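# A closer look at the structure
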Amino acid sequence: MTSLLNIVLVHGAWADGSCWDDVIERLQCDGYHVTAPQFPESSLGEDVARLREVLARQDGPTIVVGHSYGGQIMTALGNDGPNVDGLVYIAAFGLDEGESIDQLLAQGAPTPALTHLDIDDRGFGWLPEDDFVGHFAADVDPAKAKVMHAVQQPLAASAFQDVMGPPAWRSHPSWFMVAANDEVIPPDAERQFASRMDAVTVELPSSHVAMVSHPDEVARFIEVAAPEPPTPAYL
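First things first, this report covers the structure right here in the doc. Computed from a predicted model, the values in this text were never measured in an experiment.

Once that is clear, we can look at the packing of helix α1 (residues 21–29) against helix α9 (residues 215–225). As a packed pair, α1 and α9 sit with axes 9 Å apart at the nearest point and diverge in direction by 50 degrees. The angle between the axes of α1 and α9 places the two elements in the oblique class. Read as a crossing pair, α1 and α9 show a hand that is right-handed. Here D22, V23, R26 and L27 of α1 lie close against α9, whose contacting residues are P215, D216, V218, A219, I222 and E223. Partitioned by chemical class, the residues of the contact of α1 with α9 number six nonpolar, no polar and four charged.

Our focus in this paragraph is the pattern of salt bridges. Taken as a whole and judged by the stated rule, the model has eight salt bridges. Across the pair R191 and D188 runs a salt bridge, and its minimum N-O distance is 2.5 Å. With R191 and D188 both in helix α7 (residues 187–196) and three residues apart, this pair spans about one turn of that helix. The exposure class assigned to R191 is partly exposed, which follows from its relative accessible area of 32%. On the accessibility criterion, D188 (58% relative accessible area) is exposed. Note that R191 and E203 form a salt bridge whose closest N and O atoms lie 2.6 Å from each other. Taken together, the residues R191 in helix α7 and E203 in strand β9 (residues 200–204) connect sequence positions 12 residues apart. Overlapping salt bridges, with partners in common, bring together D188, R191 and E203 in one network.

We now examine the packing of aromatic side chains. This structure, assessed with the given rule, holds five aromatic pairs. Judged by centre distance (6.3 Å) and plane angle (90 degrees), the rings of W14 and F136 are edge-to-face. With W14 in the loop between β1 (6–10) and α1 and F136 in helix α5 (residues 129–136), this residue pair connects regions lying 122 residues apart in the sequence. Ring centres of F132 and F136 lie 4.5 Å apart, and the angle between their planes is 35 degrees; on these two criteria the pair is classed as tilted. Residue F132 and its partner F136 are located together in helix α5, separated by four residues, close to a single helical turn. A single burial state applies to F132 and to F136, both of which are buried. Each residue in the set Y89, F93, F176 and F193 is aromatic and connected to the rest through ring pairs, giving one cluster.

Right, let's get into helix α6 (residues 142–150). By the burial criterion, the buried members of α6 are A145, M148 and H149. Each buried residue of α6 sits inside an arc of 100 degrees when the element is viewed along its axis, so together they form one side. Turned more than 90 degrees off the buried face of α6, the exposed positions are A143, V147 and A150. Summarising the contacts, the buried residues of α6 are in contact with α5 and α8 (210–213).

Reading across the sheet, the six strands line up as β2-β1-β3-β4-β8-β9 and stay open at both edges, with parallel pairing between neighbours. Looking at which strands have only one partner, the edges of the open sheet turn out to be β2 (33–35) and β9. On average, each strand axis in the sheet is inclined to that of its neighbour by 15 degrees, with strand direction left out of account. Here strand β4 (residues 84–92) runs beside strand β8 (residues 174–179); their pairing, made up of four bridges, is parallel.

Its location among the elements puts G71 in helix α3 (residues 69–75). Its relative accessible area of 0% is what places G71 among the buried residues. On a C-alpha basis, the gap between G71 and S207 in space is 16 Å, while along the polypeptide they are 136 residues apart. For G71, the residues in contact, after removing those within four places along its chain, are G66, Y89, A92 and F93.

So, how was this worked out
Residues numbered from 1 in each chain as written. Predicted model: local features only at pLDDT ≥ 70, side-chain atom pairs only at ≥ 80, totals over all residues. Heavy atoms only, no water. Axes fitted to C-alpha atoms, helices over the stretch in contact; angles between N-to-C directions. Helix = DSSP H or I, 4+ residues; strand = E, 2+ residues; numbered from the N terminus. Parallel < 35°, antiparallel > 145°, perpendicular 65-115°, else oblique. Left-handed = near helix turned anticlockwise from the far one by under 90°. Contact = heavy atoms within 4.5 Å. Nonpolar A, V, L, I, M, F, W, Y, C, P; charged D, E, K, R; others polar. Salt bridge = Lys/Arg side-chain N within 4 Å of Asp/Glu carboxyl O. Buried < 20%, exposed > 50% of the residue type's maximum accessible area, 1.4 Å probe, protein only. Phe/Tyr/Trp six-rings, centres within 6.5 Å; stacked < 30°, edge-to-face > 60°. Arc of directions from axis to C-beta. Pairing = 2+ DSSP bridges.

As structure tokens, this is what we get:
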């Protein structure tokens, strides 16, 4: 089996690339080449364009890992993502063609983390600190959760209405980590996403931000999707 060295990590809404810090450290120690770019979250189209730019820079096959809305970004790559060899969803949206986030969330009452979503004058949604600390990052140390809140990347509200085209998971092998205590995306919705994409699935007793509260488990799960890389030159 060809070794895969490249892993691209896609952050979701109300986060930035730093949410992957502890996972990046573990993957790098195991010899992987990791990229965790920043996404503007100004529209789904612009976010997908940014991901394509990053993927085109990879030297060979790449595993793409998406958290939350980051799953929406990588799903929207369709069947022609540059260098994409597989997809890993971490408590993420895995919509099918014709679906939107709004459509999914409208099936029930707002989840606890999104109950008080604050839409600013430019149409970007922000999470209040109490909801961020108490629901979005419920199993993260509160002091760290407050730092995460301070650097949150707001999401354009229009992204909730974007309708998915042909999803990337129909043409790429997929893995899915369900966050059983998620208060952003309903865990049952995550299970449905995983089932219909026939993903290799695990479930973790985690809040929405599993990569922050359970970095060891998340890193190991990503490595399940990525065959062992060559031994680093410095060893």
